[in-house]
Amino acid sequence: MIRPHWLLSLLALASPLAAQGTLSTQGFGYHPGQISSRARATGGALGEFDPTSALNPAALAWWERSGVMLEYAPEFRRVTTADSRESATIARFPLSGAAIAFGGRTIVGVTLSTFLDRTWETAQRGTHQFADDLIPYEVEFRSAGAINDLRLAGAWTASNALRVGLGAHVFVGSNRLDVFTRFSDTLGRVADFGQRSRISYSGAAASAGIDWRPLRSIGVAVSGRLGGTLRAVRNDTTLSTADIPMRLGVGLAYTGLRGAVIAASGEWQDWSKLDGLGSAQLTTFDGWDYGLGAELRGPRWFGGEVPLRLGVRRRTLPFGAAGAEVEETSVSGGWGFTIAGGRAVADFGLARASRTAEGGARERATTLSIGLIVRP
Amino acid sequence: MLLAAITVVVAAGACSEDFTGGGACPLLCPESGVEIINDTLDAVVVLDSSVRGFPLPGTESRLTLLQRFGSGDTVITAGIVRFDFIPKTLPIGADSALVAKVDSAELRLSIASAQLDSFSRRDTLKRVPVTIDVYDVDTAASDFDTAAVRARFRPSTLIGSYTVRRDSLPDSVFVRLDTAAVRARVQEGRLRVGLRIRSDSSMQVPVAAINFLRFWARAPGLDTAVLRTVGPSSSSTGEGGDLPALDRYLIVLRGTPAPPPQVLAVGGLPAQRGYIRLSLPSNLVDSVTVVRAALVLTQAPVRGRTDDTVRTPIQANVSIARDLLDIGRASLLVRSTPGLFEQTRAPSDSGLVRFELAGTIPFWRRTPEAELPRVIVLRSSREGEFPSEFHFYSSEAPAHLRPRVEISYIPRVDFSLP
């Protein structure tokens with residue numbers, strides 16, 4: 001996840017941490033999907049075709065002209081177990097990017113997206129017997145930061161029916177890990193405990209994709225990413241290494257109905273390649289991410305069309321909770337409209353996700369997403 | 001448009017994040033283990049001793065003239081005031097002449113307010129006479145030969161007295177001095193006086209300041225007496241500041257008895273400090289976070305003295321001296337560290353006393369033990385002002401009474417990779 005202060009430091013923007021105390025933030029963190037507000041509103045089904053998503057480099061061609069984009073996606077989350085229920089609010093800037101058009105056929109773009117967001121915090125209370133005194137304390141574990149995917153990609157429009165693209169990825173970011181223990185001793189006899197460390201990540205990968213229209217009403221998009229080595233480093237010491245997960249994605253779109261795009265997508269990532277990056281307790285699950293959605297022509301507003309979007313999505317999250325696989329199912333919707341005389345587009349989305357795993361914990365999340373695309 | 005506005009407002013509300021959890025722990029918190037370990041270090045003292053002679057002469061905040069009566073309590077203190085630079089001559093026109101006669105002489109003292117000295121407050125209610133005696137204590141001995149100075153407190157050197165009922169003692173006292181004695185000293189250019197009290201009751205008089213010596217002098221050729229006012233001064237003051245200004249200091253004419261064996265004595269007169277050098281396992285200082293540490297001492301009661309029930313704060317300070325061999329210096333150079341390093345006790349108390357040291361461990365961590373021995377110095381907060389003496393069993397006492405350190409620490413938490 002990209003933290004709100006991303007504009008100040010791109011490296012800080014790449015600060016993810018695997019969250020604890022929730023289902024979604026186990027391990028090295030939550031994988032937001034690297035898709036835009038538009039694609040998210042269709043359950044991710046349009047992700048392979050969407051120029052502002054960070055999946056298929058060939059989709060960059062749909063920028064058509066130069067522009068920039070930024071997305072803000074706060075999540076409102078509730079975790080329920082047999083004994084407790086907790087709510088949380090997380091602000092994320094999961095995606096930003098820019099594209100430059102060269103001539104009429106070539107687009108080069110840079111995208112910065114959150115790959116794994118490891119931001120979480122837990123607080124637990126207890127008591128400890130010091131000599132004759134029973135003193136209450138609170139232990140706080142805090143993790144902040146993310147592994148981010150910085151992609152430089154180019155897309156070329158070979159013909160009206162075929163677009164191809166290549167991308168080079170750099171995975172960067174860090175996790176800041178804090179532990180604090182505060183004792184409630186009004187006499188000041190007990191000192192607080194604090195421990196702070198920072199783990200940085202670096203790695204590289206390459207991606208390629210195509211966007212093919214075999215028929216006028218059918219679109220097919222395929223993309224893939226092959227990863228190099230991802231390193232976890234603390235104080236100039238490499239703690240562990242692992243391969244960046246390979247990713248394969250495919251999308252199908254049907255535009256045969258007037259004013260409507262119906263799409264489906266599937267994506268597979270072998271998250272188990274990250275096993276070596278963590279401790280022996282880390283559990284990973286190779287997983288599919290399926291999406292089905294539609295974008296419909298809506299009412300006209302201020303002279304422009306307002307597309308309406310709907311979608312459903314089901315996927316396996318990369319990291320297990322207490323050893324069990326975590327499944328996420330979500331329904332989503334959204335809309336968009338043009339502003340500034342067509343030079344900008346604002347997309348809004350709302351996704352309601354349910355995350356479950358064996359063991360009795362359940363998580364519900366509502367994610368708003370606001371995307372702004374400016375193409376002067 | 002309305003939907004967009006609502007979305008933006010709700011999204012803006014998420015700018016203030018709140019993602020603290022923990023209710024789902026430990027089910028979903030495999031990394032949430034913090035272990036607090038309690039340990040007791042018994043054989044932790046490598047050297048302990050009582051060091052007598054505090055505060056250093058000249059560093060007292062006031063001169064507490066004190067006299068105690070009792071079976072085990074016969075303390076007497078005296079204040080020494082030096083006027084080392086007294087003009088020997090008087091001006092006559094453009095010339096001058098040696099002082100030949102002193103018409104009158106007096107010494108002005110300021111008595112500390114009872115509001116500022118709680119230990120003396122009870123004495124201010126006593127309706128018994130107290131006499132402040134002034135002695136000529138000048139000697140040819142070294143400035144630091146206090147034995148020679150003590151020997152000068154005898155009837156033949158008494159040069160002035162002031163008697164008043166204790167409950168009527170004013171804030172300012174003028175003690176008239178023997179003019180012949182003063183003249184003789186003025187002609188030598190210096191006067192050193194000793195002050196002590198006499199009373200039929202245990203008593204103390206805190207002298208906040210010796211303001212001046214004043215005398216009216218005559219010289220041949222002068223028709224009238226000339227007033228001279230001289231403030232305390234010392235020719236021994238070190239230029240580099242390494243010597244205290246000895247213009248006023250306290251000596252003990254009769255001190256508290258020597259402590260019994262197997263105890264560390266703190267306080268008394270002359271005041272003692274308890275020197276305790278510890279040997280802590282290096283991993284406790286360097287590798288873990290100590291959240292609580294306490295030096296645990298067993299107090300042995302001191303009874304039968306006048307002030308054995310008066311409660312006085314005792315401080316456990318850390319020595320900052322880097323000299324391993326000179327325990328006197330190590331006991332002198334001390335500082336306090338954060339935490340509850342002070343305990344208020346009465347000499348007649350007994351039982352366990354804990355001096356908290358958690359704030360001391362981080363201080364020690366900054367310097368290797370080879371450079372800075374781990375020394376705790378116990379001292380009375382009223383040393384030199386009050387004869388209360390506290391006894392704590394030393395490392396030579398039976399095992400269950402010896403000093404020990406109770407320590408609680410948290411090892412490094414393995415919180416990095418998931």
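Each chain carries its own residue numbering, running from 1 in the direction its sequence is written. All chains are assigned letters beginning at A, and all ligands numbers beginning at 1, according to the order in which they are written. Restriction of local features to residues with pLDDT of at least 70 applies here, the model being predicted, together with a cutoff of 80 or more for giving and counting side-chain atom pairs; totals for whole chains, interfaces and linings are based on all residues. To obtain the side-chain values, all non-hydrogen atoms of the structure were used and water was disregarded.

1. Concerning the overall build of chain A
- Put simply, DSSP marks the helices as runs of H or I at least four residues long and the strands as runs of E at least two long, and each gets a number from the N terminus on. Across its full length, chain A holds two helices and 19 strands.
- As a reference, a globule follows 2.2 Å times the number of residues to the power 0.38, and the radius of gyration itself is taken over C-alpha atoms. A compact globule built from 376 residues should have a C-alpha radius of gyration of about 21 Å, and chain A, at 22 Å, falls within 12% of that.
- Projecting the C-alpha coordinates of chain A onto the three principal axes gives extents of approximately 80 × 45 × 40 Å.
- Relative accessibility under 20% of the residue-type maximum defines a buried residue, over 50% an exposed one, and the middle range a partly exposed one, all with a 1.4 Å probe and only protein chains included. Scored against the burial criterion, the 376 residues of chain A give a buried share of 58%.
- Contact definition: two residues touch when any of their heavy atoms are within 4.5 Å. For chain A, contacts bridging at least 24 residues in sequence account for 63% of all contacts bridging at least 6.
- Summing over all exposed atoms, chain A offers an accessible surface of approximately 14,900 Å²; the carbon and sulfur share of this is 59%.
- For this count, His and the chain ends are skipped, Lys and Arg are scored as positive, and Asp and Glu as negative. Lysine's charge is taken at NZ, arginine's at CZ, aspartate's at CG and glutamate's at CD. Across chain A, the centroid of the 39 positively charged side chains sits 9 Å from that of the 33 negatively charged ones. For accessible areas, the Shrake-Rupley method is used with a probe of radius 1.4 Å. Any residue's cover is judged against the shown protein chains and nothing else.

2. Focus: the environment of B:T89
Residues and elements named next belong to chain B.
- Mapping T89 onto the fold places it in strand β6 (residues 89-92).
- Note on T89: relative accessible area 28%, which makes it partly exposed.
- Distance in space between the C-alpha atoms of T89 and A217 is 9.3 Å, their sequence separation being 128 residues.

3. Observations regarding the side chain of B:R404
- Position of B:R404 relative to the elements: it lies in strand β25 (residues 404-410).
- Beyond its immediate stretch of four places on either side in the chain, B:R404 contacts B:T40, B:L41, B:D42, B:V44, B:A294, B:L295, B:V296 and B:L352.

4. Comments concerning empty space enclosed by the protein
Residues and elements named next belong to chain A.
- Using a 1 Å grid laid over the protein atoms alone, points where a 1.4 Å probe fits but cannot get out form a cavity; open sets with protein on both sides within 12 Å along at least 5 of 7 lines form a pocket; any residue with an atom within 4 Å of a point counts as lining. Grid points are joined across faces, edges and corners, and a volume is the space filled by probe spheres set on the points. One pass over the structure, following the stated rule, counts nine cavities of 30 Å³ or more.
- Taken as a whole, the largest cavity encloses approximately 150 Å³ of empty space.
- In this structure, the largest cavity is lined by 15 residues; those nearest its centre are Y30, R40, R313, A351 and T367.
- Where the lining of the largest cavity is concerned, the elements lending two or more residues are β17 (327-339) and β18 (344-356).
- Considered class by class, the residues forming the lining of the largest cavity number five nonpolar, four polar and six charged.
- Of the voids in this model, the second largest cavity is the one considered here, and its volume is about 100 Å³.
- Lining the second largest cavity are 14 residues, and of these G44, L55, S265, E267 and D289 lie nearest its centre.
- Put simply, the parts of the chain that give the lining of the second largest cavity at least two residues each are β13 (247-254) and β14 (260-269).
- Considering only residue class, the lining of the second largest cavity consists of three nonpolar, six polar and five charged. Amino acids outside the nonpolar list (Ala, Val, Leu, Ile, Met, Phe, Trp, Tyr, Cys, Pro) and the charged list (Asp, Glu, Lys, Arg) are all regarded as polar, and Gly is one of them.

5. Quick word on the packing of aromatic side chains
- Within 6.5 Å between ring centres, the rings of Phe, Tyr and Trp (the latter by its six-membered ring) count as paired, and their orientation is classed by plane angle as stacked under 30 degrees, edge-to-face over 60, tilted in between. Applying the stated criterion to the full structure yields 15 aromatic pairs over all chains.
- On the numbers, 5.7 Å between centres and 50 degrees between planes, the contact of A:Y137 with A:F183 is tilted. Here A:F183 lies in strand β8 (residues 162-183) and A:Y137 lies in strand β7 (residues 133-159), a separation of 46 residues in the sequence. The same class applies to A:Y137 and to A:F183, which are both buried.
- Ring centres of B:Y135 and B:F153 lie 5.1 Å apart, and the angle between their planes is 55 degrees; on these two criteria the pair is classed as tilted. Taken together, the residues span a long stretch of sequence, with B:Y135 in strand β9 (residues 129-136) and B:F153 in the loop between α3 (146-150) and β10 (158-165) at a distance of 18 residues.

6. Considerations on the pairing of strand β19 (residues 312-319) of chain B
All names here are of chain B.
- Of all eight residues in β19, seven are buried; the element is thus mostly enclosed.
- In this scheme, strands are said to pair when DSSP sees at least two bridges between them. Where β19 and strand β21 (residues 342-345) come together, four bridges link them in antiparallel fashion. In the sheet register, I314 faces β21, and the bridge partner there is Q343.
- Sheet topology places β19 next to strand β20 (residues 334-335); two bridges connect them, and they run antiparallel. If you follow V318 over to β20, its bridge partner there is R335.

7. Observations regarding the pairing of strand β10 (residues 218-227) of chain A
Residues and elements named next belong to chain A.
- Bridge count between strand β9 (residues 193-215) and β10: nine bridges; the pairing is antiparallel. Across the sheet, residue W212 finds its bridge partner in β10, namely V220.
- Here β9 hands over to β10 after two residues, the two strands then running antiparallel side by side.
- Where β10 and β13 come together, eight bridges link them in antiparallel fashion. In the sheet register, S223 faces β13, and the bridge partner there is G249.

8. Re the pattern of salt bridges
- Just to be clear on terms, a salt bridge is a Lys or Arg side-chain nitrogen sitting within 4 Å of an Asp or Glu carboxyl oxygen. Counted under the stated rule, the structure contains 54 salt bridges over all chains.
- With a shortest N-O distance of 2.7 Å, B:E385 and B:R382 are connected by a salt bridge.
- Look at B:R382 and you get buried, because its relative accessible area is 16%.
- A network of salt bridges, in which partner residues are shared, links A:E75, A:R77, A:R92, A:D117, A:R315, A:E328, A:R355 and A:E363.

9. Some points on the domain arrangement of chain B
Residue and element names in this part refer to chain B.
- Start and end points for every domain follow an automatic or database-based domain assignment. Domain annotation of chain B identifies domain 1 (39-54 + 257-410) and domain 2 (76-254).
- The gap between the C-alpha centroids of domain 1 and domain 2 is 38 Å.
- Listed per partner, the contact involves 11 residues of domain 1 and nine residues of domain 2.
- Once two parts are put together, the accessible area they lose, assessed with a 1.4 Å probe and summed over both, is termed the buried area. Counting each side, the surface lost to burial between domain 1 and domain 2 is near 730 Å², with a carbon and sulfur contribution of 61%.
- Taken together, the connections running from domain 1 to domain 2 amount to zero salt bridges.
- Whenever two N or O atoms come within 3.5 Å, that pair is a polar contact, provided that in protein one can donate a hydrogen and the other can accept it, and provided that, for residues adjacent in sequence, both atoms are side-chain atoms. At the surface where domain 1 touches domain 2, the tally comes to zero residue pairs in polar contact (both at pLDDT 80 or more).

10. Some words on helix α4 (residues 179-188) of chain B
All names here are of chain B.
- Within α4, burial applies to A181, V182, R185 and V186. Each buried residue of α4 lies within a common arc of 135 degrees when the element is viewed along its axis, so the set occupies one face.
- Against the buried residues of α4 lie β8 (101-111), β9, β10, β12 (191-199) and β13 (203-218).
- For α4, the capping residue at the N-terminal end is D178, with a side-chain oxygen 3.3 Å from the backbone nitrogen of A180.
- In the segment just after α4, G189 is the residue with positive phi, at about 95 degrees. Read the arc as the range of directions from the helix axis to the C-beta atoms.

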